[in-house]
Amino acid sequence: MVLGKKLSCLWTLGLCLVASKPSPKIPSITDPSFIDQCVKAHNEMRGKVQPHAANMKHMTWDEGLAKTAKAWANKCRFKHNTCSGTPRKCHPTFDYVGENLWLGGLSTFTPNAAVAAWYNETKYYDYNRQRCSKMCGHYTQVVWANSYKVGCAVSLCSNLGSVQTSIFVCNYGPAGNYAKTLPYAKGVSCTKCGKGDTCKNNLCELELISPPLEHGLDIVPVLGPAFKRPGSFGICSPGTSPAYGEIHALLQERFPLRKAMEEERSSFCFNPN
């Protein structure tokens with residue numbers, strides 16, 4: 001009888017411990033760890049495509065895309081964002097953005113697991129014939145060579161399943177998955193990278209320089225994680241320098257930024273340390 005009471009107490013304690021176990025936390029779109037996991041997962045998959053890619057760009061985080069992803073995830077609709085059909089409605093810079101959706105339990109969710117699930121659709125994609133035997137659009141967007149920005153978000157959506165059902169949304173800029181277009185150019189890795197790119201982990205990575213900026217133009221948030229090495233930007237000729245909005249636009253687009261650095265040295269200077 002005493003033993004029975006002890007077992008009863010232990011069993012009750014076990015229930016209490018299970019009930020008090022904290023629920024998994026929804027990661028914020030500003031959480032550096034979440035951002036790093038999302039970006040790394042995408043770049044890892046992009047770097048291992050078969051056949052090899054000659055022009056696969058390295059992806060970096062975009063705050064605007066992440067905000068769009070979070071706003072849509074919060075609506076808890078397992079379908080694509082209604083803004084995707086209108087130019088620049090999803091993002092101020094990209095005319096159109098791509099989007100992937102994942103649905104599952106929050107307790108088992110990781111960015112890597114979700115992106116890997118999308119990538120695994122590669123088995124249904126025939127590169128040479130540009131055809132899918134089953135759904136493979138998630139895969140082709142993940143490995144779309146010209147999509148070089150990504151922003152993701154997670155939300156709990158009990159209406160889509162159980163109390164722990166979560167939706168993971170990633171948006172891409174510029175958009176991929178254009179009809180009758182290959183996701184990337186087949187060839188030796190990095191042989192078709194842009195001018196100024198370096199080859200890292202089979203990806204074309206544009207090495208840009210981190211601010212600070214002079215004259216009070218704070219555009220550090222615009223630059224984001226892509227800007228790695230120490231350096232500085234400065235206005236060489238304040239009287240002829242571009243307005244803040246023009247600089248913002250330059251920094252948002254990858255290749256126009258490179259071109260701007262080469263053509264606008266009289267007003268927008270780049271000084272590596």
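Just so it is clear, the model here is predicted, and its values are computed rather than measured.

Conventions adopted
- Residues numbered from 1 in each chain as written.
- Predicted model: local features only at pLDDT ≥ 70, side-chain atom pairs only at ≥ 80, totals over all residues.
- Heavy atoms only, no water.
- Helix = DSSP H or I, 4+ residues; strand = E, 2+ residues; numbered from the N terminus.
- Buried < 20%, exposed > 50% of the residue type's maximum accessible area, 1.4 Å probe, protein only.
- Contact = heavy atoms within 4.5 Å.
- Areas by Shrake-Rupley, 256 points an atom, 1.4 Å probe, with all protein chains shown as cover.
- Disulfide = S-S within 2.5 Å.
- Pairing = 2+ DSSP bridges.
- Axes fitted to C-alpha atoms, helices over the stretch in contact; angles between N-to-C directions.
- Arc of directions from axis to C-beta.
- Polar contact = N/O pair within 3.5 Å; in protein donor to acceptor, adjacent residues only side chain to side chain.
- Parallel < 35°, antiparallel > 145°, perpendicular 65-115°, else oblique.
- Left-handed = near helix turned anticlockwise from the far one by under 90°.
- Nonpolar A, V, L, I, M, F, W, Y, C, P; charged D, E, K, R; others polar.

A.B. asks: I would appreciate a short explanation of the overall build of the protein chain in the present structure.
C.D. replies: Across its full length, the protein chain carries 8 helices and 12 strands. Counting the 273 residues in the protein chain, one finds 43% classified as buried. Expressed as a percentage of contacts within the protein chain between residues at least 6 apart in sequence, the contacts between residues at least 24 apart total 68%. As displayed, the protein chain offers around 14,500 Å² of accessible surface, 57% of which is attributable to carbon and sulfur atoms.

A.B. asks: Where do I start with the state of the cysteines in this structure?
C.D. replies: All told, the structure shown has 6 disulfides when counted by the stated rule. Each sulfur of the disulfide joining Cys83 and Cys90 lies 1.7 Å from the other. Disulfide Cys83-Cys90: torsion about the S-S bond near 105°, hence right-handed. Each member of the pair Cys83 and Cys90 is classed as buried. Disulfide partner of Cys132: Cys136, at an S-S distance of 1.7 Å.

A.B. asks: Looking at this structure, how should I read the sheet that holds strand 2 (residues 98-105)?
C.D. replies: Each strand in a sheet pairs with its neighbour through backbone hydrogen bonds, running either in the same direction (parallel) or in the opposite one (antiparallel). Strand order in the open sheet formed by 4 strands is 1-5-6-2, and the pairing between neighbours is mixed. Across the chains shown, the open sheet's two edge strands, defined by having one partner strand only, are strand 1 (60-61) and strand 2. Relative to strand 6 (residues 165-173), strand 2 is paired through 8 bridges, and the arrangement is antiparallel. When the sheet's bridge partners are listed, Leu101 is paired in strand 6 with Val169. The strands touched by helix 4 (residues 111-119) within the sheet are strand 2 and strand 6, with strand 6 carrying the most contacts at an inclination of about 65°.

A.B. asks: It is not clear to me how helix 3 (residues 63-73) should be interpreted in this structure. Could you clarify?
C.D. replies: Two residues of an α-helix separated by three or four positions point the same way, owing to the 3.6 residues in each turn. If you check which residues of helix 3 are buried, you get Leu65, Ala66, Thr68, Ala69, Trp72 and Ala73. In a view along the axis of helix 3, the buried residues occupy a sector of 160°, so they form one face of it. Along its buried surface, helix 3 packs onto strand 1, strand 2, strand 5 (149-156) and strand 6. In this structure Asp62 caps helix 3, since a side-chain oxygen of it lies 3.0 Å from the backbone nitrogen of Gly64.

A.B. asks: Whenever I open this one, the packing of helix 2 (residues 32-46) against helix 4 confuses me. Can you help?
C.D. replies: To describe two helices that pack against each other, one gives the angle between their axes and the distance between the axes. Running from N to C, helix 2 and helix 4 cross one another at 25°; their axes reach a closest spacing of 9 Å. Judged on the interaxial angle alone, helix 4 and helix 2 are roughly parallel. The handedness of the crossing between helix 2 and helix 4 is right-handed. Residues Phe34, Gln37, Cys38, Ala41, His42, Glu44 and Met45 of helix 2 lie in contact with helix 4, whose contacting residues are Pro111, Asn112, Val115, Ala116, Trp118 and Tyr119. Of the residues belonging to the contact of helix 2 with helix 4, the class tally is 9 nonpolar, 3 polar and 1 charged.

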